[in-house]
Amino acid sequence: MKQITKAAELQQAVAEAKAQNLEIGLVPTMGALHEGHLSLIERALKENDFVVVSLFVNPIQFNNKEDLAKYPRTIEADLDLIKSLELRIKGACTDRLVAFTPTVEEMYPDGEPTEIVYHFGPVEEVMEGPRRPGHFSGVAVVVRRLFDLAQPKRAYFGEKDYQQVAVIRALLEQIKYPIELVPCPIVRADDGLALSSRNMRLSPAARAIAPTINATLEQAAEMAEYEDVDDVKEWVVDTLASFHEVNPSLCPDGLKFEPEYFEIVDARTLQPIENWDAAGDLGAVGCIAVWLDGVRLIDIVKF
Ligand code: PAF
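Residues numbered from 1 in each chain as written. Predicted model: local features only at pLDDT ≥ 70, side-chain atom pairs only at ≥ 80, totals over all residues. Heavy atoms only, no water.

(A) Main features of the pattern of salt bridges. This model, assessed by the stated rule, comprises 19 salt bridges. A salt bridge links Glu-128 to Arg-132, with the shortest nitrogen-to-oxygen separation between them at 3.4 Å. Its salt-bridge partner being Arg-207, residue Asp-191 comes within 3.0 Å of it at the nearest N-O pair. Of this pair, Asp-191 sits in the loop between strand 6 (180–184) and helix 9 (204–209) while Arg-207 is found in helix 9, placing the two residues 16 residues apart along the sequence. (Salt bridge = Lys/Arg side-chain N within 4 Å of Asp/Glu carboxyl O. Helix = DSSP H or I, 4+ residues; strand = E, 2+ residues; numbered from the N terminus.)

Set out below in structure tokens:
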């Protein structure tokens, strides 16, 4: 793996790869890597000749300054993890894997855009969109910049941020770049909790009950066989919101789940559905955001 911090140097490496007709894969990340990210990098290495992994905490996608300040910055550990992946997959990928770790000034030489640049219509008007104004435009700005620098044939995104995948799909349609979007399945801990850099902020007691989110969603998928959409939605929210009352011994010091939303939506348009038959070609997906121990966790279930 080669670490590159300058945009011009990345462009040079990409130009050399293109001159050799190498296919380029891009894995955009904000660092704080875990096995979920490594699975994206591993897949990108399998499917492309040359891979760019970006590690950049993008200030313009945070609508909350405190969240930006709290975001873990663990570059050295991240680079070690990528090196350990290289050893694990035993591929001689040293010369075909670039870790791009730019500064904010390098990414935004003309200054950070402060206005909303992109609009994506209905796909961003639900769930995360109204709760995080400007977030998806900020994501799109940085992803487009990465597309321009890395010129990938394929770009890899985790499905945990399900709405982000839909927004990137809309971005690609808008800017008409011939890039293949590769959504990748969630990687989970052995107990089912979706891997996330936020999990490290959970107290031991919160971490112990956090897998309840996935367990509840899995049960919801079973209920979908015989219950209406609204009943499943209500059951998920009630089950999590009442967990501390049903299990007081597992919830010391006021620990509890506080669901922010659980929506069952068409997996392509992300519009809420009222009955199971209303889902289109990709089916239905349930998306949840829930607070636990001051940490906002998200997860999904496919129906
Ligand atoms: O999913 C993320 O980590 C970020 O939103 C992304 C896609 C790297 C853009 O900053």
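That shown, we press on.
(B) Seen up close, helix 2 (residues 35–47). If you check helix 2, its first and last C-alpha atoms are 18 Å apart, about what 13 residues at 1.5 Å a residue would give, namely 18 Å. Looking at helix 2, one finds that the buried residues are Gly-36, His-37, Leu-38, Leu-40, Ile-41, Ala-44 and Leu-45. Summarising the contacts, the buried residues of helix 2 are in contact with strand 2 (24–29), strand 3 (50–55), helix 4 (75–89), strand 4 (97–100), strand 5 (154–158) and strand 6. (Expected span 1.5 Å × (residues − 1). Buried < 20%, exposed > 50% of the residue type's maximum accessible area, 1.4 Å probe, protein only. Contact = heavy atoms within 4.5 Å.)

(C) Spatial organisation of the packing of helix 1 (residues 7–19) against helix 7 (residues 135–150). Contact geometry of helix 1 with helix 7 gives a least axis separation of 8 Å together with a crossing angle of 50°. In terms of axis orientation, helix 1 runs oblique to helix 7. Across the interface between the two elements, Ala-7, Leu-10, Gln-11 and Val-14 from helix 1 touch Arg-145, Leu-149 and Ala-150 from helix 7. Here the residues of the contact of helix 1 with helix 7 are counted per class, giving 5 nonpolar, 1 polar and 1 charged. (Axes fitted to C-alpha atoms, helices over the stretch in contact; angles between N-to-C directions. Parallel < 35°, antiparallel > 145°, perpendicular 65-115°, else oblique. Nonpolar A, V, L, I, M, F, W, Y, C, P; charged D, E, K, R; others polar.)

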